[in-house]
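If you want the building blocks of each chain, they are given just below.
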Number of protein chains: 2
Amino acid sequence: MNIQEQMQQLAARAQAASRLMAKASPAAKNDALAALAGLLETRQEAIAVANARDIAKAEAAGMDTAKLDRLRLTPKVLASMAQACRHVAGLSDPIGEIESVKQRPNGLMVGRMRVPLGVVCMIYESRPNVTVDSAILCLKAGNAVVLRGGSEAFESNMALAGLLSEALELAGLPGAAVQLVPTTDRAAVPALCKLDEYIDVMIPRGGEGLIRSVVEAATMPVLKHYKGVCHLFVDKGADLDNAVAVADNGKCQRPGVCNALECLLVHRDVAKEFLPKVAKALGGKGVEFRACPESLPLLGPTAKPATEADWGFEFLDYILAVRVVADMDEALEHIAAYSSHHTECILTSDHARAMRFLREADASMVGINCSTRFNDGGELGLGAEIGISTSKLHAYGPMGVTELTSQKFVVFGQGQVRG
Amino acid sequence: MNIQEQMQQLAARAQAASRLMAKASPAAKNDALAALAGLLETRQEAIAVANARDIAKAEAAGMDTAKLDRLRLTPKVLASMAQACRHVAGLSDPIGEIESVKQRPNGLMVGRMRVPLGVVCMIYESRPNVTVDSAILCLKAGNAVVLRGGSEAFESNMALAGLLSEALELAGLPGAAVQLVPTTDRAAVPALCKLDEYIDVMIPRGGEGLIRSVVEAATMPVLKHYKGVCHLFVDKGADLDNAVAVADNGKCQRPGVCNALECLLVHRDVAKEFLPKVAKALGGKGVEFRACPESLPLLGPTAKPATEADWGFEFLDYILAVRVVADMDEALEHIAAYSSHHTECILTSDHARAMRFLREADASMVGINCSTRFNDGGELGLGAEIGISTSKLHAYGPMGVTELTSQKFVVFGQGQVRG
């Protein structure tokens, strides 16, 4: 059997399982999540054996220590995965909810019922805990999921996917509702991308190259974000001490993530007072500034002149682009030109300008007087997230359980025909 | 300039216009719609000249009378287009609405604001009134639209698109928010399909071949339906006289549309009583039945044995597939196997079976005790529709103004940073 046929059979099994998952009771799905939490605790030895094979192979291939650490399924990591299962079990089940039933003039009652998407295909490069964290959200939403993780975590992912299927079956649900692609053959991903007859949506997570290749090959919808180039605009009249704290939080709390701050825009009227404070607080922590000509002399010894390439760049590091703008128009124009539509925030005390920014900045999260770091499913109240979408179709922003569902029209009639 | 460059420039103009449309006031958008209604009434002569060129070309090419009629922009057709403009102007404007603002433990207020999608690209083969009917919904939702109509209506579409741009400019909005692709070059569509940097969504409408070619080439999301294979399941205990009327309405009211009935499923317990009534009413109107072995002897002289190819087939004609099923399970299995996920209806007096069907039939509209013909934006209360989606991402079912929008997260803070 070639890889195309193998992927087609796997996807067909996923679709058959998705039909059973769609009518699974909330209790059965939660039983499966509870069973999985238990297995993650009682099968630590078997997981450790599989994980050790990945680690040994990675060490032999010369993987660096930081990456090795991310690959390691320690008892602590497994405990946090078990906790995630119990947390997701505790979230409310959206499937079957009927919203906004309204009566038509002919007496038909028309509403929308929440239904699963069907089959979700996750393609990811990250550490093996994504296997469990993603799959449990898909299952809670009544979907089947096809998982394709990174080859360096293949043995670990196979072990975890095995536990997922086992937990499903313990709860009377189809084990094939979770399937890891059982090969590291690179041809598997392009093959999956053409199976729109079986797979309803692709969710790639990883580097821009991986995501772009899925977008170009896929004939089904893709939920994704390429990068997060988050801006913070400090308006005149903003509380400047708070602005330093918010900029510091955005840049320094966790520089390597997509909601980290990458570019600070400062209203000209406050630049001379504000930027030396930024230089002191962030520069003091080793942040390097890529500064426009006007901000450069205000930012101290770690500032360098910005080049055009620094605007719209995702540094993911202790580097911050800084630009002085004449007014709100210029701030919004900069954002429109360089935004990745991920997160844009303003710090202001002026109500009208706050509301204008809220309306006009085009991003999956627009914040007034807060850190860019809040664009996260947990922080925004979704309970958990499977990723962040920066395209507007279906979901814009963090995707939780509800974003892994759809709504169909339901009509309650009394024998009506169309006139 | 080659076609790729030409399409890229056109799409870039659309994106620039979409940014202005996104912040247009409801009044300005409605002014544009009112201006367009006026122009459709006062410029009938100019439209007639353009339309006459299309008609002459089509006649010379030997187009049949029915198709010629659909191509003709009569005063009556233009009046109905003007009426559609005024109707859409009267719909409520969803842009800027903020829903479900909730407080987080840290005091952040988190909600979702409705925003336009950006740039919509419509690719269609139908009559020229689609040009206006689609564009006005896109505009109402604050989008820019790129239109690519059929080559046989090219002159008519150019004239109508010219009026759309003129109406926008009369209202102080960018004329480039509506652009018809100004060439019939077939390479335009594949070129547009790769411009995901500028175009947010493709909406193809037409034959399955056209839609499939867009799905395969497009790197942005596609909203579409391939076909409508609508089933009606007549349960035991259903009101059989009403069932005849509902089947008749589904099949005969307008057989050529996607929500017409294509397959009747009948519970075995009522087949002998019900099917002769169907034979009399529908057979009497010339409906040809493609019948399973059990229903064949009950359906009179216009019945033929069904072949496997008749199940799941979209006849779009006075032809109806008929199958007797043992029970609800068999009805739902038939639907799962042959559904196009468009419309599925049940006629029943049993509450539990009604609710089971509602939950388990997987279609963009599931109806209890009503005709399949109700799966339509107007009938379901959307005000108007740009098409019907049978895939679950973003929209499932008829798409009105709201389905041409998205929601971004908006956060109202008081200086919060993430802990």
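Structure shown above.
My aim in this report is to walk through the structure given alongside it, one point at a time. (Residues numbered from 1 in each chain as written. Chains lettered and ligands numbered in written order. Predicted model: local features only at pLDDT ≥ 70, side-chain atom pairs only at ≥ 80, totals over all residues. Heavy atoms only, no water.)

**Things to note about the relation of the copies chain B and chain A**
1) Next: Between chain B and chain A, which share one sequence, the superposing operator has a rotation angle of 180° and an axial displacement of 0.0 Å; the RMSD is 0.0 Å. The operation mapping one copy onto its partner corresponds to a two-fold rotation axis. Taking C-alpha positions as the reference, the residue of chain B nearest the rotation axis is His-394 of chain B, at 1.8 Å. (Least-squares fit on C-alpha atoms with pLDDT ≥ 70 in both.)

**A word on the side chain of His-267 of chain B**
1) Next: Note that His-267 of chain B resides in strand 8 (residues 261–267).
2) Next: Sequence-distant contacts of His-267 of chain B, that is, excluding residues within four places in its chain, are made with Phe-233, Val-234, Asp-235, Lys-236, Val-325, Ala-326 and Asp-327 of chain B. (Helix = DSSP H or I, 4+ residues; strand = E, 2+ residues; numbered from the N terminus. Contact = heavy atoms within 4.5 Å.)

**A few points about unusual backbone geometry**
1) Next: Here the phi dihedral of Asn-369 of chain A falls at roughly 55°; this positive angle occurs in a residue that is not glycine.
2) Next: Residue classification places Asn-369 of chain A among the buried positions, given a relative accessible area of 16%.
3) Next: Phi at Ser-100 of chain B is positive, roughly 45°, even though this residue is not glycine. (Buried < 20%, exposed > 50% of the residue type's maximum accessible area, 1.4 Å probe, protein only.)

**Let's talk about the pairing of strand 9 (residues 288–291) of chain A**
All names here are of chain A.
1) Next: Taking every second residue as pointing to the same face, both faces of strand 9 are buried, with Glu-288 and Arg-290 on one and Phe-289 and Ala-291 on the other.
2) Next: Where strand 9 lies against strand 11 (residues 319–325), 4 bridges are found, and the strand directions are parallel. When the bridges of strand 11 are listed, Ala-291 appears paired with Val-322.
3) Next: In the sheet, strand 9 pairs with strand 10 (residues 303–305) via 3 bridges, with the strands oriented parallel. Across the sheet, Phe-289 pairs through a bridge with Ala-303, a residue of strand 10. (Pairing = 2+ DSSP bridges.)

**A word on a positive patch on the surface**
1) Next: A surface patch of positive charge is lined by Lys-67, Arg-70, Arg-127 and Arg-254 of chain A.
2) Next: Relative to the assigned elements, Lys-67 of chain A resides in helix 4 (residues 65–71). (Patch = residues over 30% accessible without salt bridge, like charges linked within 9 Å, V, L, I, M, F, W, Y side chains within 5 Å. Areas by Shrake-Rupley, 256 points an atom, 1.4 Å probe, with all protein chains shown as cover. Salt bridge = Lys/Arg side-chain N within 4 Å of Asp/Glu carboxyl O. Lys, Arg positive; Asp, Glu negative; His and termini not counted. Charge placed at Lys NZ, Arg CZ, Asp CG, Glu CD.)

**With respect to the packing of aromatic side chains**
Residue and element names in this part refer to chain A.
1) Next: Tallied over the full model, the rule gives 2 aromatic pairs over all chains.
2) Next: Where Phe-313 meets Phe-315, the ring centres are 5.1 Å apart and the plane angle is 55°; that geometry is what we call tilted.
3) Next: For Phe-313, a relative accessible area of 44% gives the class partly exposed.
4) Next: A cation over a ring is seen here: Arg-323 above Trp-311, with NZ or CZ 5.9 Å from the ring centre. (Phe/Tyr/Trp six-rings, centres within 6.5 Å; stacked < 30°, edge-to-face > 60°. Lys NZ or Arg CZ within 6 Å of the ring centre and 35° of its normal.)

That is the geometry; function is a separate question.
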